[in-house]
Amino acid sequence: MSLTQLMYLECICGYESFTFVSHSDCFIHLSNPNIATMKEDVLYHFNLSTSTHDFPAMFGDVKFVCVGGSSSRMSTFIKYVAAELHLDHPGKEYPNICAGTDRYTMYKAGPVLAVSHGMGIPSIGIMLHELIKMLYHARCSNITIIRIGTSGGIGLEPGSVVITQQAVDERFKPEFEQTVLGKRVVRSTNLDTQLVQELMTCSADLNEFPTVVGNTMCTLDFYEGQGRLDGAICSYTEKDKQAYLRAAHAAGVRNIEMESSVFATMCSACGLRAAVVCVTLLDRLQGDQINTPHDVLVEYQQRPQRLVGHYIKKSLGNS
Ligand code: R2B
Ligand code: URA
């Protein structure tokens, strides 16, 4: 067990939080009693099932899970991490474990799993239900899960990386609201505060790009939902937009994306140590269109990968 994992003594169980004083392993707990009664669990959108795949053999050694929107980014990430951890050799391939479906992609290199989640809360939500159950069936312990993504910044130099303190909704509240059986259910969006600090230290170690800790606003839409003026529909003025983004900034929001709230809620409810690390592609106070040259955007998108790659390497005592 690494120093970081030894330092992680707090486990969340059910909705209670308590502190262990020993080096106890933290297992995933599902917040659903029905799963224990099922003979088979089909993870439909991964094309994996407990009756056709040996989850403990396939995934039992996983300690770090990185999730991100795009399939190609996750494929690049696994190759990068494998090289950093000296797990690869010339010609080594990283097959897509979910090759039987085109919904999500999944790659594994040693203790690292990389999974794509698509865009928006519904897409990442479905993926997380199946991922968390998969890790549970695999009897994984002491998992750290990090979303590495892109976002729009508020008042930051483009290319800055934001490590999320709190995921907040469009009213700047640290809440995720869902309709369950026709009723409004509001859950909190806690993230691991110690992990935030460890990632910040890793960014200082690298000293390659500006990094801040701030709140991340999670929205249901890229256009009007994020106060853009350039969608197919727009019902407000530039002045209204500026007032909204400045109010968000005053509430501690430093970036805007579309998955962090459900990610924080689900990981915390199931006892997963979680963080969100997103690069900002533009400063939303300056504009809405992403017109930065392609090669610059590619380099920006590598920044969360380099930061999290360094974190994993350091956690494994490999740096
Ligand atoms: C960031 O970028 C995507 C929209 O372009 C969305 O998935 C997000 O959260
Ligand atoms: N992703 C978002 O959700 N918003 C942006 O402005 C950029 C990337």
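Caption draft 1: Local environment of the site of ligand 1. Every residue near ligand 1 is listed here: Met119, Arg147, Thr150, Phe222, Glu257, Met258 and Glu259. The contact in question runs from an oxygen atom of ligand 1 to an N or O atom on the side chain of Thr150, over 3.1 Å. Interatomic distance of 2.5 Å between a side-chain N/O atom of Glu259 and an oxygen atom of ligand 1. Notes on ligand 1: free accessible area 270 Å², of which the protein chains cover 80%.

Caption draft 2: Region of interest: helix α5 (residues 193-206). Between its terminal C-alpha atoms α5 stretches 20 Å, which fits the 20 Å expected from 14 residues at 1.5 Å a residue. Within the sequence span of α5, burial applies to Leu195, Val196, Glu198, Leu199, Cys202 and Ser203. Angular distribution of buried residues about the axis of α5 spans 165°; they occupy a single face of the element. Residues of α5 that are exposed and angled more than 90 degrees away from the buried face: Thr193 and Ala204.

Caption draft 3: Structural detail: the pattern of salt bridges. The full count for this structure, using the stated rule, is 14 salt bridges. The partner of Glu198 in a salt bridge is Arg273, with the nearest N and O atoms 3.2 Å apart. Linking Glu198 in helix α5 with Arg273 in strand β14 (residues 273-283), this pair joins segments that are 75 residues apart in sequence. Overall, Glu198 belongs to the buried group, its relative accessible area being 12%.

Caption draft 4: Representation of the packing of helix α4 (residues 121-137) against helix α7 (residues 260-269). Running from N to C, α4 and α7 cross one another at 20°; their axes reach a closest spacing of 9 Å. One way to sum up the angle between α4 and α7 is to call them roughly parallel. Considering the relative orientation of α4 and α7, their crossing is right-handed. Only Ser261, Val262, Phe263 and Met266 of α7 make contact with α4, whose side of the interface consists of Ile121, Ile124, Gly125, Leu128, His129 and Ile132. Per-class residue counts for the contact of α4 with α7 are 7 nonpolar, 3 polar and no charged.

Caption draft 5: Representation of the site of ligand 2. In the neighbourhood of ligand 2, the contacting residues comprise Thr150, Ser151, Gly152, Phe222, Gln226, Arg228, Ile256, Glu257, Met258, Leu282 and Ile290. The side chain of Gln226 places a nitrogen or oxygen atom 2.8 Å from a nitrogen atom of ligand 2. Arg228 is positioned with one of its side-chain polar atoms (N or O) 2.7 Å from an oxygen atom of ligand 2. Within the complex, the protein chains bury 93% of what would otherwise be the 240 Å² of accessible surface of ligand 2.

Caption draft 6: How the structure looks around the pairing of strand β13 (residues 253-257). Counting buried residues in β13 gives 4 out of 5 residues, a clear majority hidden from the surface. As defined by bridge partners, strand β8 (residues 144-153) adjoins β13 across 2 bridges and the pair is classed as antiparallel. For Gly152, the partnering residue across the bridge sits in β13 and is Ile256. Across 4 bridges, strand β12 (residues 211-218) lies against β13 in parallel orientation. The residue bridging Asn215 from the neighbouring strand is Val253, located in β13.

Caption draft 7: Up close: helix α8 (residues 294-315). Taking 1.5 Å per residue, 22 residues should reach 32 Å; α8 reaches 32 Å between its end C-alpha atoms and fits that length. Of all the bends in α8, the largest measures some 25° and sits at Arg303, one to four residues before the proline Pro304. Phi turns positive one or two residues past the end of α8, at Gly317, with a value near 70°.

Thresholds, definitions, all that
- Residues numbered from 1 in each chain as written.
- Chains lettered and ligands numbered in written order.
- Predicted model: local features only at pLDDT ≥ 70, side-chain atom pairs only at ≥ 80, totals over all residues.
- Heavy atoms only, no water.
- Near = heavy atom within 4 Å.
- Polar contact = N/O pair within 3.5 Å; in protein donor to acceptor, adjacent residues only side chain to side chain.
- Areas by Shrake-Rupley, 256 points an atom, 1.4 Å probe, with all protein chains shown as cover.
- Helix = DSSP H or I, 4+ residues; strand = E, 2+ residues; numbered from the N terminus.
- Expected span 1.5 Å × (residues − 1).
- Buried < 20%, exposed > 50% of the residue type's maximum accessible area, 1.4 Å probe, protein only.
- Arc of directions from axis to C-beta.
- Salt bridge = Lys/Arg side-chain N within 4 Å of Asp/Glu carboxyl O.
- Axes fitted to C-alpha atoms, helices over the stretch in contact; angles between N-to-C directions.
- Parallel < 35°, antiparallel > 145°, perpendicular 65-115°, else oblique.
- Left-handed = near helix turned anticlockwise from the far one by under 90°.
- Contact = heavy atoms within 4.5 Å.
- Nonpolar A, V, L, I, M, F, W, Y, C, P; charged D, E, K, R; others polar.
- Pairing = 2+ DSSP bridges.
- Bend = angle between axes of the 7 residues up to and from the residue.

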